[in-house]
Amino acid sequence: MSSTSRNLRAVAIIGLAIAHLATVDVSAQGSPIPSGDDPVLVENSAVTIRRSDYQRELERLPPEVRPGFSNSEKRVNDLIRRMLIERTLAAQARAEKLETRPENAARFATELERLYAQLKVAEIEAVAAASFDAKRSQWEARAREIYQIDRAKYSTPDR
């Protein structure tokens, strides 16, 4: 089978999955639930999407998109449908043990390494932010001192 045929076949399969899963109604969410609860937003026979899953997915969006995102029912529904499709396909891939196939093993390992690196960077950034916040007054005092020494360096000319 040629690469083009495989790609077309994959697109067709994903299209069928989308058509099947698009019949799930994710708009009936009800009123907000107390923060201690983690309600199910949508589920099928393979996966469940909870409010906490949705919140984590929102964190992956660019910061400038997040504030008004939840105000659009269409955007929320599209995101939850996409999450449901991705997780359903992932569940199917796990069930079929696709990561053990030789043609997939190297890619799986590479993606796992990338994830580990991202997690480590996030940890380093969190530690650095906490360290900075703990010494904020010292840093602010030092910044004022540097500014006072050469104010002209930090000014912008009038236009």
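Residues numbered from 1 in each chain as written. Predicted model: local features only at pLDDT ≥ 70, side-chain atom pairs only at ≥ 80, totals over all residues. Heavy atoms only, no water.

Asker: Describe the packing of aromatic side chains, naming the residues involved and giving the relevant values.
Answerer: For any two aromatic rings, the description comes down to two numbers: the centre-to-centre distance and the angle of the planes. By the definition in use, this model includes 2 aromatic pairs. With centroids separated by 6.2 Å and ring planes inclined at 20 degrees, the aromatic side chains of phenylalanine 132 and tryptophan 139 adopt a geometry described as stacked. Measuring from centroid to centroid gives 6.1 Å for tyrosine 147 and tyrosine 154, while their planes differ by 45 degrees, and the two rings are tilted. Assessed through its relative accessible area of 36%, tyrosine 147 is described here as partly exposed. By relative accessible area, tyrosine 154 is classed as partly exposed at 43%. (Phe/Tyr/Trp six-rings, centres within 6.5 Å; stacked < 30°, edge-to-face > 60°. Buried < 20%, exposed > 50% of the residue type's maximum accessible area, 1.4 Å probe, protein only.)

Asker: Go over helix H4 (residues 73–95) with me, naming the residues and quoting the values.
Answerer: Along its 23 residues, H4 runs 33 Å from first to last C-alpha, staying within 8% of the 33 Å computed at 1.5 Å per residue. When H4 is considered as a whole, its buried residues turn out to be Val76, Asn77, Leu79, Ile80, Met83, Leu84, Ile85, Thr88 and Ala91. In the stretch just after H4, lysine 97 is the one whose phi turns positive, near 55 degrees. (Helix = DSSP H or I, 4+ residues; strand = E, 2+ residues; numbered from the N terminus. Expected span 1.5 Å × (residues − 1).)

Asker: Now, about the packing of helix H2 (residues 51–60) against H4: what can you tell me, with residues and values included?
Answerer: Orientation of H2 relative to H4, taken along the N-to-C sense of each, is 105 degrees, at an axis distance of 11 Å. Between H2 and H4, the crossing angle belongs to the class labelled roughly perpendicular. Note on element contacts: H4 touches H2 through Val76, Leu79, Ile80, Arg82, Met83 and Arg87, opposite Asp53, Tyr54, Glu57 and Leu58. Class assignment for the residues of the contact of H2 with H4 results in 6 nonpolar, no polar and 4 charged. (Axes fitted to C-alpha atoms, helices over the stretch in contact; angles between N-to-C directions. Parallel < 35°, antiparallel > 145°, perpendicular 65-115°, else oblique. Contact = heavy atoms within 4.5 Å. Nonpolar A, V, L, I, M, F, W, Y, C, P; charged D, E, K, R; others polar.)

Asker: Please set out the pairing of strand E1 (residues 40–43) residue by residue, giving values where relevant.
Answerer: Here E1 runs beside strand E2 (residues 48–50); their pairing, made up of 3 bridges, is antiparallel. When the sheet's bridge partners are listed, valine 42 is paired in E2 with isoleucine 49. The loop that links E1 with its antiparallel partner E2 comprises 4 residues. (Pairing = 2+ DSSP bridges.)

Asker: Help me get a handle on the nonpolar core, residues and values and all.
Answerer: In terms of nonpolar packing, the biggest core is built from 14 residues, with Tyr54, Leu58, Phe69, Leu79 and Ile80 touching the most fellow members. Every element with two or more residues in this core is listed here: E1, H2 and H4. Considering each element in turn, this core owes the most residues, 6 residues, to H4. In this view, phenylalanine 69 contacts Tyr54, Leu58, Leu61, Arg75, Val76 and Leu79; residues no more than four positions away in its chain are not counted. (Core = buried A, V, L, I, M, F, W, Y, C linked by side-chain atoms within 4.5 Å.)

Asker: Can you tell me about the pattern of salt bridges, naming the residues and giving the values?
Answerer: Within the structure shown, the criterion is met by 12 salt bridges. For the salt bridge of glutamate 111 with arginine 114, the shortest nitrogen-to-oxygen distance reads 2.9 Å. Of the two residues, glutamate 111 and arginine 114 are both situated in helix H5 (residues 102–134); the distance of 3 residues between them amounts to about one turn of the helix. Among the residues examined, glutamate 111 registers a relative accessible area of 41% and is labelled partly exposed. (Salt bridge = Lys/Arg side-chain N within 4 Å of Asp/Glu carboxyl O.)

Asker: Lay out the environment of phenylalanine 69 with the relevant residues and their values.
Answerer: Counting through the fold element by element, phenylalanine 69 comes out in helix H3 (residues 66–69). Residue classification places phenylalanine 69 among the buried positions, given a relative accessible area of 7%. Put simply, phenylalanine 69 and leucine 58 are 11 residues apart on the chain and 8.4 Å apart in space, counted from C-alpha to C-alpha.

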